[in-house]
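What follows is the residue order along each chain.
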Amino acid sequence: MAVSTVSTEPTPPRRSRTARGLYTDGEEMCPYRLVLEHVTSRWGVLVLMELLDRPYRFSELRRTIGRVSEKMLTQTLQTLERDGLVHRDAKPVIPPRVDYSLTDLGREAAEQVRALALWTERRMDDVERARAAYDSRKSEAATGRD
């Protein structure tokens, strides 16, 4: 009688690396996707790009970014700090002073985000032309003038 060598340990889910499923891991959101969402979130992008220039105090950063609530900026900074992208330096003075800066990892991410922002700026005319062409086609299709 042969002895079975089949493991009874559950097999961990395989991470998909296809173009469509690069950031999926079964039913749960995989860590790659979470970090990508943190870095590319509306406020994450702006925080990273501003902190590339220099460290900021919370209120300075909020004024510079504009239109961000105190709550959202706090959450964004905490998330980026947890991911190791932002350093929070609380100085024990009165009134309290807290400075935010990028870690080496954060600087690397911010440079990638800035490259995407610069590409967007360079290619905006092409995007606007594509939008106009799309809107024109949709408008013609809606009125039945194909």
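Our structure's up above, just so we're on the same page.
First, a word on what this report is: a plain description of the structure on this page.

Reading the values: the criteria
- Residues numbered from 1 in each chain as written.
- Predicted model: local features only at pLDDT ≥ 70, side-chain atom pairs only at ≥ 80, totals over all residues.
- Heavy atoms only, no water.
- Helix = DSSP H or I, 4+ residues; strand = E, 2+ residues; numbered from the N terminus.
- Buried < 20%, exposed > 50% of the residue type's maximum accessible area, 1.4 Å probe, protein only.
- Contact = heavy atoms within 4.5 Å.
- Areas by Shrake-Rupley, 256 points an atom, 1.4 Å probe, with all protein chains shown as cover.
- Polar contact = N/O pair within 3.5 Å; in protein donor to acceptor, adjacent residues only side chain to side chain.
- Axes fitted to C-alpha atoms, helices over the stretch in contact; angles between N-to-C directions.
- Parallel < 35°, antiparallel > 145°, perpendicular 65-115°, else oblique.
- Left-handed = near helix turned anticlockwise from the far one by under 90°.
- Nonpolar A, V, L, I, M, F, W, Y, C, P; charged D, E, K, R; others polar.
- Pairing = 2+ DSSP bridges.

Time to look at the overall build of the protein chain. Along its length, the protein chain carries 5 helices and 5 strands. Along the protein chain, helices and strands appear, N-terminal first, in the series β-β-α-α-β-α-α-β-β-α. Relative to its full complement of 146 residues, the protein chain shows a buried share of 21%. Within the protein chain, contacts between residues separated by at least 24 positions form 39% of all contacts whose residues are at least 6 apart in sequence. For the protein chain, the accessible surface area stands at approximately 11400 Å², while carbon and sulfur atoms represent 52% of it.

Before going further, it helps to spend a moment on the side chain of Thr76. If you trace the backbone, Thr76 turns up in helix H4 (residues 70-82). Of note is the side chain of Thr76, whose polar atom sits 2.8 Å from the backbone oxygen of Met72. Those residues in contact with Thr76 that sit more than four places away from it in its chain are Trp43, Gly44 and Val47.

Another point: the packing of helix H3 (residues 58-65) against H4. For the pair H3 and H4, interaxial distance at closest approach is 11 Å and the crossing angle is 110 degrees. As the angle between them shows, H3 and H4 are arranged roughly perpendicular. Seen from above, H3 lies across H4 with right-handed handedness. Residue-level inspection shows Phe58, Leu61, Arg62 and Ile65 of H3 in contact with H4, the latter providing Glu70, Leu73, Thr74 and Leu77. Of the residues assigned to the contact of H3 with H4, the class counts are 5 nonpolar, 1 polar and 2 charged.

The next point concerns the packing of helix H2 (residues 42-53) against H4. Following both chains from N to C, one finds H2 and H4 inclined at 70 degrees, their axes separated by 10 Å at the closest point. Judged by the angle between their axes, H2 and H4 are roughly perpendicular. Residues Trp43, Gly44, Val47 and Leu48 of H2 touch H4, and the partners they reach there are Met72, Leu73, Thr76, Leu77 and Leu80. Across the contact of H2 with H4, the residue classes break down as 7 nonpolar, 2 polar and no charged.

Right, let's talk about the sheet that holds strand S3 (residues 56-57) for a bit. Judged by pairing direction, the sheet is antiparallel, and its 3 strands sit side by side in the order S3-S5-S4 without closing on themselves. Strands with a single pairing partner mark the edges of an open sheet, and in this sheet they are S3 and strand S4 (86-91). The sheet contact formed by S3 and strand S5 (residues 97-102) spans 2 bridges and is antiparallel. Of the residues in S5, the one forming a bridge with Tyr56 is Tyr100.

Further remarks concern unusual backbone geometry. Put simply, Ile94 and Pro95 share a cis peptide bond, and its omega is -5 degrees. With phi around 55 degrees, Arg67 is a residue other than glycine that occupies positive phi space. Tracing the backbone through its elements, the reader meets Arg67 in the loop between H3 and H4. The exposed category is assigned to Arg67, whose relative accessible area is 74%.

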